[in-house]
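Chain by chain, the residues:
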Amino acid sequence: PLADVLTRLLTALGDAEACRVLGPQLLRELHYRVLQGPAGMGLRALAGSQGRMGRVFRSIEQMRADPAREVSVSELARDAGMSVSAFHEAFKRVTGHAPLQYLKLTRLHLARSWMQERHLGAAEAAYRVGYGSASQFSREFKRLFGLQIPVANGMDVTFKEPLGVISIIVPWNFPMPIAGWGF
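Along each chain, numbering runs from 1 in the same order as the chain's sequence is written. Local features in a predicted model are, by the rule used here, given only for residues with pLDDT of at least 70; side-chain atom pairs are given and counted only at 80 or more, and totals for whole chains, interfaces and linings are based on all residues. To get the side-chain values, all heavy atoms of the structure are used, and hydrogens and water are removed first.

A. Molecular detail of unusual backbone geometry. In this structure, His119 takes a positive phi of about 55 degrees despite not being glycine. Its relative accessible area of 43% is what places His119 among the partly exposed residues. Each residue is assigned to one of three classes by its accessible area relative to the maximum for its type, calculated with a 1.4 Å probe on protein chains only: buried under 20%, partly exposed between the two thresholds, exposed over 50%.

Structural data, given as structure tokens:
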């Protein structure tokens, strides 16, 4: 059943209309199948609102809600009621990334999604997700996605074609949006 829903989800991602119509339901079914599977009890405990993991998830939601906001790990740890080292360890356990690395990846994925879906130029998308330097954004974008996007000297690219699959929301690995399904 899990392989079936993943296959249907990946098929839907290849079609913008199917992605828009079927995507939310397929994600819901995927979450259900994962939570009902062998790791379900542990995942439910991990995502619970109490404890360290729940506090990390709240930090992740804060980052995703306002990606342009400047944050520090010490601020995130304080808000989570944890020491910096405990927060860093718990955050990395949940996402597989350090907090600031996760924020950078979130910003890059969100900017990519906005360039594709909202037809924003690269410099505008970079600014909206919190990059102060369009050239820094361009370098990091190329490093992550392998796509060069010129943003200097008035040359700003707007993507009108799909840029491909971003990723699937996997709470125990790297929670990221799927293109077309909001943030």
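B. Looking closely at helix 9 (residues 134–145). By definition, any uninterrupted DSSP run of H or I lasting at least four residues is a helix, any uninterrupted run of E lasting at least two residues is a strand, and each is numbered from the N terminus. Take the number of residues in a helix, subtract one, and multiply by 1.5 Å to get its expected span. The first and last C-alpha atoms of helix 9 sit 16 Å apart over 12 residues, in line with the 16 Å expected at 1.5 Å per residue. When we look at burial in helix 9, the residues that qualify are Phe137, Ser138, Glu140, Phe141 and Phe145. Residue contacts follow a heavy-atom distance rule, with two residues in contact if any of their heavy atoms lie within 4.5 Å. Those residues of helix 9 that are buried lie in contact with helix 7 (99–117) and helix 8 (122–128). A positive phi of about 75 degrees marks Gly146, the residue just after helix 9.

C. The arrangement of the pattern of salt bridges in detail. Salt bridges are identified by distance alone: a Lys or Arg side-chain nitrogen within 4 Å of an Asp or Glu carboxyl oxygen. For the coordinates displayed, the defined rule picks out nine salt bridges. For the salt bridge of Asp4 with Arg8, the shortest nitrogen-to-oxygen distance reads 3.1 Å. Taken as a pair, Asp4 and Arg8 lie in helix 1 (residues 2–13) at a separation of four residues, close to a single helical turn. Residue class for Arg8 comes out partly exposed when judged on its relative accessible area of 32%.

D. Here's a closer look at the nonpolar core. Think of a nonpolar core as a cluster: buried Ala, Val, Leu, Ile, Met, Phe, Trp, Tyr and Cys residues, connected wherever their side-chain atoms sit within 4.5 Å. Formed by 18 residues in total, the largest nonpolar core has its most connected members in Val56, Ile60, Met63, Met82, Phe87, Phe91 and Val94. For this core, the secondary structure elements donating two or more residues are helix 4 (51–65), helix 5 (73–80), helix 6 (84–95) and helix 7. Setting aside residues up to four positions removed in sequence, Phe91 forms contacts with Val56, Ile60, Met63, Gly96, His97, Ala98, Pro99 and Tyr102.

E. Representation of the packing of aromatic side chains. Put simply, two rings from Phe, Tyr or Trp (the six-membered ring, in Trp's case) pair if the centres are within 6.5 Å, and we call them stacked under 30 degrees between planes, edge-to-face over 60, tilted for the rest. Across all of its chains, the model carries five aromatic pairs by this definition. Measuring from centroid to centroid gives 5.6 Å for Phe87 and Phe91, while their planes differ by 45 degrees, and the two rings are tilted. Taken together, the residues Phe87 and Phe91, both in helix 6 and four residues apart, mark about one turn of the helix. By the burial criterion, Phe87 is buried, and Phe91 matches it. Consider the rings of Tyr131 and Phe137, whose centres lie 5.2 Å apart with planes at 70 degrees: the pair is edge-to-face. Considered together, Tyr131 and Phe137 belong to a single accessibility category, that of buried residues. Three or more aromatic residues joined by ring pairs form one cluster here, namely Tyr131, Phe137, Phe141 and Phe145.

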